[in-house]
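Structure at a glance
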Amino acid sequence: MEEQTALIRLDDINYEFPLILGTEGEKAFDIRSLRTKSKFIAFDEGYGNTGSCLSDITFIDGEQGVLRHRGYPIEQLAAKSTFLETAMLIIYGELPAEESLAVFRKRVSSSASVHTSMHHHFEGFPGNSHPMSILSAMLNALGAYYPEMSSNDRDQDLAHFDETAALLISKVRTLAAMTFRMKKGLPFVAPNHSRGYCENFLHMMFTEPYFDYIDSVGAGDALDLFLRLHADHEQNCSTSTVRMVASGGANLFASVSAGVCALWGPSHGGANMAVVQMLEDIHASGDDGTRFIEAAKEGKAKLMGFGHRVYKNYDPRAKILGKTVEQVLTQIGVDDPLLNIARRLEQSALEDEYFVSRKLYPNVDFYSGILLRAIGIPPEMFTVMFAIGRMPGWIANWKEIAENPKGRIHRPRQIYTGHGLRDYQALEKR
Ligand code: ACO
């Protein structure tokens, strides 16, 4: 059968480029030789039409609202899996056998403490520092405590990969809890190795000398679901950043620390915090959401937690959270007026021509803040929670880059639109 190619005509010359077909029928034409052959480059600000890599990890069909990790639909993982099992699936490609999961759990559990000299780093941050700036700095600093795992020698870093992956998944949670305690002026709580992943996190957050935090309402299960739903999401802003940093040969600690910075912005992971802020403002102003929807349509406000670069349908993670959040609130015994406002906003937006014609649907951040609030996590920490959840995805994407012997440093080009050549000497005559 004749091999299909893409034919592009530039300056009256025809160029042929091979086609690439993904497992799920995604089509691309391979322009890696475009500039060498033609001197042209492709311009795609925001990368909406650019495939930056071949990846085996996550598949999204934004038109159909489909999300799968290593072939498994997110709905099945949400219903049946756990965060650590899903993390292993994402990182290693297969659902683990019981024994390997047990080894991984043990590794995660035994890595939970951080070196006591790291405690002093926290003293250097002002009390009003944002938790994301602390987390990013601490993750990068963590690498300094494990020079053998953060050598920037690819073979060496890969030789320690299993250890590093479990360590990061474990310690990001400890560092997050320490950040919360430091900001409140509370003493750090040592991890309790007999508790599960989420239970231990809640213990490090909320145990006090006079009160041993016991999860009697299923907060740990709700948190595990939240983390599972955030575990990976293909080439989003933070994951692309991790891959970009990794492509230069940087170690895993440095790469995920950069991922935290990229996640921070309100157009990305910072949206979960912005959603709750928006709902609180609407609640405080006595609006039932109607005025806010009108302001969003006039471009005076943005409906945070709505819209997505890839999903032009319901984000499947938002669908799961939207259904679960009510159940979690009832279980925990919380009656949150913000949930009613969120439901009203969603209903109005789904019926409104402005949102319908632009295919703007709730994304994962729309309900996640309400769930985190119910567990007792303050809005400032929401994006940190997202970072804990996204750690497996960042790690898996770093691994893909690190294990590719043909990988090249990521270095996009640009179209220069500044001044033409100017003469400094002419300036001296002023
Ligand atoms: N509220 C109101 N209007 C919106 C919204 C929104 N949330 N999102 C997009 N629009 C409008 C835009 O103004 C634009 O309108 P126009 O065609 O009249 O100019 C149109 O919809 C297309 O929007 P773009 O900005 O081109 O969409 P893009 O793909 O660049 O941005 C993004 C996607 C950043 C997620 C955007 O929808 C947004 O800012 N949403 C709110 C923030 C948010 O929830 N971010 C979390 C994303 S999910 C995640 O990262 C985990």
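Residues numbered from 1 in each chain as written. Predicted model: local features only at pLDDT ≥ 70, side-chain atom pairs only at ≥ 80, totals over all residues. Heavy atoms only, no water.

**Looking at helix α12 (residues 252-263)**
Over its 12 residues, α12 extends 16 Å from the first C-alpha to the last, a length consistent with the 16 Å expected when each residue adds 1.5 Å. α12 sits mainly inside the fold: 11 of its 12 residues count as buried. For α12, every residue scored as buried is listed here: L252, F253, A254, S255, V256, S257, A258, G259, V260, A262 and L263. Of the residues flanking the start of α12, the one acting as N-cap is N251, its side-chain oxygen 2.9 Å from the backbone nitrogen of F253. (Helix = DSSP H or I, 4+ residues; strand = E, 2+ residues; numbered from the N terminus. Expected span 1.5 Å × (residues − 1). Buried < 20%, exposed > 50% of the residue type's maximum accessible area, 1.4 Å probe, protein only. Polar contact = N/O pair within 3.5 Å; in protein donor to acceptor, adjacent residues only side chain to side chain.)

**Topic: the nonpolar core**
Core analysis: the biggest nonpolar cluster contains 110 residues, and I169 and I377 have the highest contact counts within it. Other than its neighbours up to four places away in sequence, I169 contacts F83, L84, A87, I91, F104, V108, Y197, M391, P392 and I395. (Core = buried A, V, L, I, M, F, W, Y, C linked by side-chain atoms within 4.5 Å. Contact = heavy atoms within 4.5 Å.)

**Examining the domain arrangement of the protein chain**
By a frequent convention, interface size equals the accessible area lost on bringing the separate parts together. Each assigned domain of the protein chain is listed here: domain 1 (5-68), domain 2 (74-264) and domain 3 (271-375). Taking only C-alpha atoms, the centre of domain 2 and the centre of domain 3 are 27 Å apart. Residue-level contacts link 16 residues of domain 2 with 17 residues of domain 3. Here domain 2 meets domain 3 over a buried area of about 1400 Å², counting both sides, of which 75% is carbon and sulfur. The largest contributions to the domain 2 side of the interface with domain 3 come from F226, L229 and H233, which together make up 36% of the buried area. Taken together, domain 2 and domain 3 are joined by 0 salt bridges. Between domain 2 and domain 3 we count 3 residue pairs in polar contact (both at pLDDT 80 or more) in total. Within the residue set of the side of domain 2 that touches domain 3, elements represented by two or more residues are α2 (74-80), α9 (197-206) and α10 (219-229). When the residues that make up the side of domain 2 that touches domain 3 are grouped by side-chain class, the tally is 11 nonpolar, 4 polar and 1 charged. (Domains from an automatic or database assignment. Buried area = accessible area lost by both parts, 1.4 Å probe. Salt bridge = Lys/Arg side-chain N within 4 Å of Asp/Glu carboxyl O. Nonpolar A, V, L, I, M, F, W, Y, C, P; charged D, E, K, R; others polar.)

**Concerning the pattern of salt bridges**
Applying the stated criterion to the full structure yields 16 salt bridges. The partner of R32 in a salt bridge is D30, with the nearest N and O atoms 2.8 Å apart. On the basis of relative accessible area, D30 is assigned to the buried category, the value being 14%. Where E326 meets R343, a salt bridge forms, and the shortest distance between an N and an O atom there is 2.8 Å. On the criterion of sequence distance, the pair formed by E326 in helix α15 (residues 316-332) and R343 in helix α16 (residues 337-351) is long-range, its members being 17 residues apart. A single salt-bridge network, built from bridges that share partners, covers E280, D336 and R373.

**Focus on the packing of aromatic side chains**
In the structure shown here, the tally under the stated rule is 13 aromatic pairs. Ring centres of F180 and F206 lie 5.7 Å apart, and the angle between their planes is 80°; this geometry places the pair in the edge-to-face category. Of this pair, F180 sits in helix α8 (residues 161-184) while F206 sits in helix α9, and the two are 26 residues apart along the sequence. Of the two residues, F180 and F206, both sit in the buried class. For the ring pair F206 and Y213, a centre distance of 5.6 Å and an interplane angle of 40° mean the geometry is tilted. For the pair shown, F206 and Y213 are each scored as buried. (Phe/Tyr/Trp six-rings, centres within 6.5 Å; stacked < 30°, edge-to-face > 60°.)

**A word on the pairing of strand β1 (residues 5-10)**
Relative to strand β2 (residues 13-21), β1 is paired through 6 bridges, and the arrangement is antiparallel. Bridging from a neighbouring strand, L7 pairs with E16 of β2. Joining the antiparallel neighbours β1 and β2 is a turn of 2 residues, in which D11 adopts a positive phi near 50°. (Pairing = 2+ DSSP bridges.)

**Describing the site of the ligand**
If you check the shell around the ligand, you find 19 residues, and the closest are H268, K302, L303, G305 and R309. Note that an oxygen atom of the ligand is positioned 2.9 Å from one of the side-chain N or O atoms of H268. Within the complex, 69% of the 920 Å² of free accessible area of the ligand lies under protein. Across the shell around the ligand, the residue classes tally to 9 nonpolar, 6 polar and 4 charged. (Near = heavy atom within 4 Å. Areas by Shrake-Rupley, 256 points an atom, 1.4 Å probe, with all protein chains shown as cover.)

**Considering the environment of G407**
Within the fold, G407 resides in the loop between α19 (382-402) and α20 (424-428). In the structure, G407 is positioned 354 residues away from C53 in sequence and 9.6 Å away in space, judged by C-alpha atoms.

**Considerations on a positive patch on the surface**
On the surface, R35, K39, R411 and R413 cluster together to form a positively charged patch. By the secondary structure assignment, R413 is in the loop between α19 and α20. The exposure class of R413 is exposed, given its relative accessible area of 54%. (Patch = residues over 30% accessible without salt bridge, like charges linked within 9 Å, V, L, I, M, F, W, Y side chains within 5 Å. Lys, Arg positive; Asp, Glu negative; His and termini not counted. Charge placed at Lys NZ, Arg CZ, Asp CG, Glu CD.)

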